[in-house]
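Chain and residue survey
Chain by chain, the residues:
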Amino acid sequence: MKPIEELTVNAIRVLSAQAVQKANSGHPGMPLGAAPMAYALYGKTMNYNPRNPYWHNRDRFVLSAGHGSMLLYSALHLFGYDLDMEDIKDFRQLGSKTPGHPEIQHTPGVEVSTGPLGQGIANAVGMALAERHLAARFNKPDMPLVDHYTYVIAGDGCMMEGISGEAASLAGTWGLGKLIVLYDSNAISIEGSTEIAFTESVADRFRAYNWQVLDVADGNDVDAIEKAIEAAKADAGHPTLIEVHTKIGYGSSKEGSAASHGAPLGEDSVKGLMEKLNWPCKEWFEVPGEVYDFTRQAVAAGQNKQDAWDELAAAYQKIYPEEFQQYQDFMSGKVDASCIAKLDMNKPMATRQASGMVIAELSKAIPNLMGGSADLGPSNLTSLPDCGDFSKANPAGRNMHFGVREHAMAAIANGMALHGGLRVFCATFFVFSDYMKHAMRMSALMNLPVVYVLTHDSLGVGEDGPTHEPIEQLAALRSIPNLTVFRPADGKETAAAWQCALSSQGPTALVLSRQGLPCYERSGADAAKGGYILSDCQKAVPDVILMATGSEVALAMEAQKILEGQNVAARVVSMPSFERFDAQNEAYRESVLPSACRARVAIEVLSSFGWYKYVGLDGAVIAMDRFGASGPANDLFKYFGFTAEHVVEETFKVLDRNI
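Residues numbered from 1 in each chain as written. Predicted model: local features only at pLDDT ≥ 70, side-chain atom pairs only at ≥ 80, totals over all residues. Heavy atoms only, no water.

The name an unreviewed UniProt entry gives the protein is Transketolase, with Gehongia tenuis as the organism. Of the comments in the UniProt record for the protein, the one headed Subunit (unreviewed entry) reads "Homodimer." Its UniProt record gives the protein a comment under Catalytic activity (unreviewed entry), which states: "D-sedoheptulose 7-phosphate + D-glyceraldehyde 3-phosphate = aldehydo-D-ribose 5-phosphate + D-xylulose 5-phosphate". (UniProt positions renumbered as here; feature names shortened; annotations may be inferred.)

Evaluated as defined, the whole model comprises 28 aromatic pairs. Ring pairs connect the aromatic residues Tyr39, Tyr42, Tyr48, Phe61, Phe79, Tyr81 and Phe294, which therefore count as one cluster. Sitting above the plane of the Tyr149 ring, Lys233 keeps its charged end 5.0 Å from the centroid. The lysine or arginine in question, Arg478, covers the ring of Phe578, its NZ or CZ lying 3.7 Å from the ring centre. (Phe/Tyr/Trp six-rings, centres within 6.5 Å; stacked < 30°, edge-to-face > 60°. Lys NZ or Arg CZ within 6 Å of the ring centre and 35° of its normal.)

In the contact formed by helix H1 (residues 3-23) and helix H10 (residues 267-276), the axes pass within 10 Å of each other and the chain directions differ by 170°. What the angle tells us is that H1 and H10 run roughly antiparallel. Residue-level contacts link Arg13, Val14, Ala17, Gln18 and Gln21 of H1 to Glu267, Val270, Leu273 and Met274 of H10. A class-by-class count of the residues in the contact of H1 with H10 yields five nonpolar, two polar and two charged. (Axes fitted to C-alpha atoms, helices over the stretch in contact; angles between N-to-C directions. Helix = DSSP H or I, 4+ residues; strand = E, 2+ residues; numbered from the N terminus. Parallel < 35°, antiparallel > 145°, perpendicular 65-115°, else oblique. Contact = heavy atoms within 4.5 Å. Nonpolar A, V, L, I, M, F, W, Y, C, P; charged D, E, K, R; others polar.)

Read from one edge of the open sheet, five strands run E1-E2-E3-E7-E6, paired in parallel fashion. Strands with a single pairing partner mark the edges of an open sheet, and in this sheet they are strand E1 (60-63) and strand E6 (212-216). Strand-to-strand twist in this sheet, taken as the mean axis angle between neighbours without regard to direction, amounts to 20°. Alignment of E1 against strand E2 (residues 150-155), held across four bridges, turns out to be parallel. In the sheet register, Leu63 faces E2, and the bridge partner there is Ile153. Of the strands in this sheet, E1, E2, strand E3 (179-185) and strand E7 (240-245) are in contact with helix H2 (residues 29-45), which crosses E2 at around 170°. (Pairing = 2+ DSSP bridges.)

Counting 147 residues, the largest nonpolar core has Tyr42, Met159, Trp174, Leu179 and Ile412 as the members making the most contacts within it. It is helix H5 (residues 119-138) that provides the largest number of residues to this core, a total of 11 residues. Non-local contacts of Leu179, meaning those with residues more than four positions away in its chain, are made with Ala124, Val125, Ala128, Thr150, Val152, Ala171, Trp211, Pro239 and Thr240. Ranked by size, the runner-up nonpolar core spans 52 residues in total, among them Ile471, Ala556, Tyr588 and Phe637. (Core = buried A, V, L, I, M, F, W, Y, C linked by side-chain atoms within 4.5 Å. Buried < 20%, exposed > 50% of the residue type's maximum accessible area, 1.4 Å probe, protein only.)

Moving on: the sheet that holds strand E16 (residues 570-574). The five strands lie next to each other as E14-E16-E15-E17-E18, forming an open sheet whose pairing is mixed. The sheet is open, and its two borders are formed by strand E14 (532-535) and strand E18 (620-622), each paired with just one other strand. Mean inter-strand twist for the sheet, computed between neighbouring axes without regard to direction, equals 30°. Pairing geometry for strand E17 (residues 600-603) and E18, over three bridges, is parallel. Residue Ile603 lies in a different strand from E18, and its bridge partner there is Ile622.

Structure follows, in C-alpha cells:
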C-alpha cells in the first residue's frame, strides 16, 4: 500500500472516530477495522460518479452493517460526494445528512437504508438480481448497456441473522456472479467474543450455498483485498464472499474489544488513536490537503466513466431505438395500468382469484412487472403467464421462485425496487406476513413501491386451523406508517386496489380471500378512496352505519336487509383501506361517516384493534380478539358469531345506547 493510500485509510478511521466522539453516540469499532475495505472499494474498485450519484450503470454499495455508518459517510466525504465537513460534524444530529444509520433520500451516495442486520445482504441480492435480469433483457454483443456490480460490507451480526442465509442460498441458486460480499470478520459482537454464540464456519456455509469463498488474512492489506475483488469478478457464475479478518476498534485503546462496538472511544482514546496512526493533523476534523488531492480524483474519473457509458448508450439508441426506449421507460418507473379497467370483475369470486386475473393482464401491459411467491404461487395465484421463470439459466424470466423464505423474499423485493427498472411484487399467505414484517417496514421507511400479495386472509382458511388463520396481522400492518393496506370485498375492489398500488410511490399490501365472495353493484372505483357508501338507506342521516371489509361486507349487506324489515335505516360502508380513507378531505369523510350518526357497527374477522377510531365510544366492533380453530370455514364463521343475525343483534344494542 502506498503512503498516500495508508493516509487515506487513516483519514476514514480518524474522521469516523472523531464524529462519533463529537456526537457522543455511535459505533466507532467497525469503521476503524473496516476502513481498508471501504478504501479498496471507493479508491480502487467501484465505478461511480460522485457528481451524479444515481446514474444508471453505477456499481451499487450496501453497508449491511449499517451501525458503522461513519465508515460510509467518511468515504463519501473524501471521495467527492455532496457531503462536507460540517455534515460529518453533524453526525447523528436532528435533520443532518449523516443520520445514525444510513438512510436513502438523506445522504447522497447511500443506496439503501440499513441497520437491521442481514437485511442489507438480502437487499443486495435483489439489486444484483435486477442487474442480471435487465442485462439479459437489454444487453447486445459488445454493447453491455447494463453492466455493474453490487458490493456489500457485512459483519458477524449480519451473518448470524437468518435472513442473510435465506438470501445467500437464493443468490447461489441464481448464480448472481456480480454480487460481492466483503465479510468484516472480527469475531466480536456486542456481548463479547462471537465464540459464545456463533461458532460455525461461515466460509463453509457459503460454499454450501454455491458461492465462491475467498480469504484475506490481514484486513489492513488493501492490495490483498483488491486482488480478492478481482478474483471475485473473474468468477461470473457464482456470487463471492470475501472473508476479511479485521480487528474491531483497530488502532485505539479498545482494539479487539466489544467496548469499541457501540460507544464513543473517549476523547483521550481518540487522541491516542491519532498518535498511533501518526495522524499529521492536530485539529479535529482536519484532513491533509494531499488526501483530498488524491481522493477527489474520483470526481473526474467518475465523470469519465459515466461519459463512456453515455457514449455507449447513445450508440445503442441508434442501433436499437425501440429497446432503448423501453429501457428508459423501465428506469423512469412509470407504468400504464389502464388495462385493469378492461377486466370483467362483475361476478362472484375469491379476491385472490381476482388478483390473479389482474396480474395476468398486467403481465402483458407492464413488461417489467416481476415477482413471485414464497413457494405458494399456485395458492397465491401470482403467476405471470408466458413470462418464464427467472433462474441462472434463464435470467430474462419474470416469475420468481423464492422458496419458503418470506423474510428474504421481501428484502430482495426491496433491493429490486431500489435498483430501479422493475415493478416488483411478492406473495405469501397473510399469516406469514409476520415472517416478513420487518422487511415490509423497511419498504415503507424507504418509500418503495413494492406490492405485497397476501392471500388466505381470515377464518376462511378453515381446516388448516389457528396456526394459519391470521388474527392480529391486519392491525399490525395498518400500524406501519406509509404502508397502504387494502382488504377488498370483491373483484372490482381488488382491481381498484391494484390500480392504486401501481400508482403509489410507496408499498401496498393486498389482503385477499381464499374463499369466493359476492360481487356488488356499487363497488369498484370509489374503493380507491378507502371507504365509501356501498349501499345506502332512505334517510339523509342513517339510524346506524355498518362498516366492514373483505368477506364481512357480505354480512353487513345481509344485515342491512334484515334491519330494513324492522324499520331500521342502515347504511353499509365498505372500508377496504383505512389509509386511503384517512387521506381524504374532511368533507368526504363526513359524507360517508356523518358525525350525526353515532350508532356504528364494524365487522371484521380479525383483531378489533384500530376500528374504534371509526365506531367511537357508542359503537361496537364484531371482531376476532382470540385465535381461531380448525374446521370448515362456514362452520367457523358461525361458531365465532360472524352471521348477519349476530350483526343485527349487536346493532340493536348499539341503537339502545344511542337513543
